[in-house]
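# Secondary and tertiary structure notes
Each chain is listed here by its residues.
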Amino acid sequence: MRLYATVAAGGFRRHATYRVATAAGVFTNTVFGFILSYTYIALWDERPQLGGYSMDDALAYVWIGQALITVCGLMGGGFEEELIERIRTGDIAVDLYRPADLQAWWFSANLGRSGYQLLGRGVVPMLVGWLAFRFTLPAGPGSWLAFLLAVALGSVVGFAIWYLVAMSAFWLLDGQGATQVAWLSGLFFSGMLLPLNVFPGTLGEVARALPWASLLQVPADVYLGKYEGRGLAGAYAFQGCWALVLFGAGRAAQRAATRKVVVQGG
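So, here's what we can say about the structure. Source: prediction; values computed, not measured.

Summarising the element assignment, serine 214 is placed in the loop between helix H9 (201-209) and helix H10 (217-223). Residue classification places serine 214 among the buried residues on the basis of a relative accessible area of 0%. The contact partners of serine 214, leaving out residues within four places of it in the chain, are Gly154, Val157, Pro219, Phe238, Gln239 and Trp242.

In structure tokens form, the structure reads like this:
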């Protein structure tokens, strides 16, 4: 455990060194937050209570999305390109022979990255958005803690998705195709463009059942107080079950990749 704690701390420090990139990310997220906010204002003026959200709830949703875009990996996990490159060049063979679990290593590094992104690129856009629009805030400290737990689970699911995407490079010519599909899926099915509650009929039901809903839709609804009691426990269970399923799939892919490397090496 000490090894993986060290890797997580290293992941935090590594991303903390890129201060200019962090500032650029904060600026970009804030600009897109304003663009989406005014788009939502126009939409909610025409359709009040759309998706069960008030105008203030909808604006909060916008800024939650901007805060979590890198934390939960809505449009990329922040590590998959490096892992895909190691697979492509064959350097991954060295990683697989190390006395450390590959999945746990990358998860720990991503944990440190997510923690830094939450502080570095999450807090400032949310604060700017609230100062500009005075959107809905959680009712109290308990609601904030419930939200942060949902964010943590969303980050775990996000890692599991992008780890599987990266591992696909073992069987594909490269990982670019899988990355693009995952990027588009995350953009659409996480609720980044519009809350999934707005999606009609079967499309909405399917979208809310997919793992990408864990990255933004569930944390946002926890923030807005849409879940209470058993409903909140059910939301966490939804995220946790997807995390277990995807981690298991990643573990299976890792075992298959290890056998492939051993056979080719032999």
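Moving on, we get to the nonpolar core. Judged by nonpolar contacts, the single largest core of 43 residues is most densely connected at Ile64, Leu216, Val222 and Tyr223. Elements with a contribution of two residues or more to this core: helix H2 (19-46), helix H3 (55-68), helix H6 (102-133), helix H7 (141-167), H10 and helix H11 (230-265). Tallying contributions element by element places H3 first for this core, with nine residues. Apart from residues no more than four positions distant in its own chain, valine 222 is found in contact with Ala146, Phe147, Ala150, Tyr227, Leu232 and Tyr236.

The next subject is H2. For H2, with 28 residues, the first-to-last C-alpha span of 41 Å sits near the 40 Å given by 1.5 Å per residue. All of the buried residues along H2 are Thr22, Gly25, Val26, Asn29, Thr30, Gly33, Ser37, Tyr40 and Trp44. On its buried side, H2 packs onto helix H1 (2-16), H3 and H6.

It is worth spelling out the pattern of salt bridges at this point. Close approach of charged atoms lets side chains of opposite charge pair. According to the stated counting rule, one finds six salt bridges in the structure shown. A salt bridge links glutamate 82 to arginine 14; the nearest nitrogen and oxygen atoms lie 3.2 Å apart. Here the residue glutamate 82 occupies a position in helix H4 (residues 80-89), and arginine 14 occupies one in helix H1, the gap between them amounting to 68 residues. The class for arginine 14 is partly exposed, based on a relative accessible area of 43%. Via salt bridges that share partners, Arg86, Asp95 and Arg98 belong to a single interconnected network.

Further remarks concern a nonpolar patch on the surface. Together, Phe12, Leu119, Val123 and Val124 make up a nonpolar patch on the protein surface, roughly 330 Å² of accessible area in all. With three residues, the top contributor of residues to the nonpolar patch is H6. Relative to the elements of secondary structure, leucine 119 occurs in helix H6. When its relative accessible area of 54% is taken as the criterion, leucine 119 is described as exposed.

Glancing now at the environment of aspartate 174. Structurally, aspartate 174 is set in the loop between H7 and helix H8 (176-189). Exposure remark for aspartate 174: the relative accessible area of 39% places this residue in the partly exposed category. Spatially, the C-alpha atom of aspartate 174 lies 39 Å from that of glycine 51, the residues being 123 residues apart in sequence.

Cut-offs and rules
- Residues numbered from 1 in each chain as written.
- Predicted model: local features only at pLDDT ≥ 70, side-chain atom pairs only at ≥ 80, totals over all residues.
- Heavy atoms only, no water.
- Helix = DSSP H or I, 4+ residues; strand = E, 2+ residues; numbered from the N terminus.
- Buried < 20%, exposed > 50% of the residue type's maximum accessible area, 1.4 Å probe, protein only.
- Contact = heavy atoms within 4.5 Å.
- Core = buried A, V, L, I, M, F, W, Y, C linked by side-chain atoms within 4.5 Å.
- Expected span 1.5 Å × (residues − 1).
- Salt bridge = Lys/Arg side-chain N within 4 Å of Asp/Glu carboxyl O.
- Patch = residues over 30% accessible without salt bridge, like charges linked within 9 Å, V, L, I, M, F, W, Y side chains within 5 Å.
- Areas by Shrake-Rupley, 256 points an atom, 1.4 Å probe, with all protein chains shown as cover.

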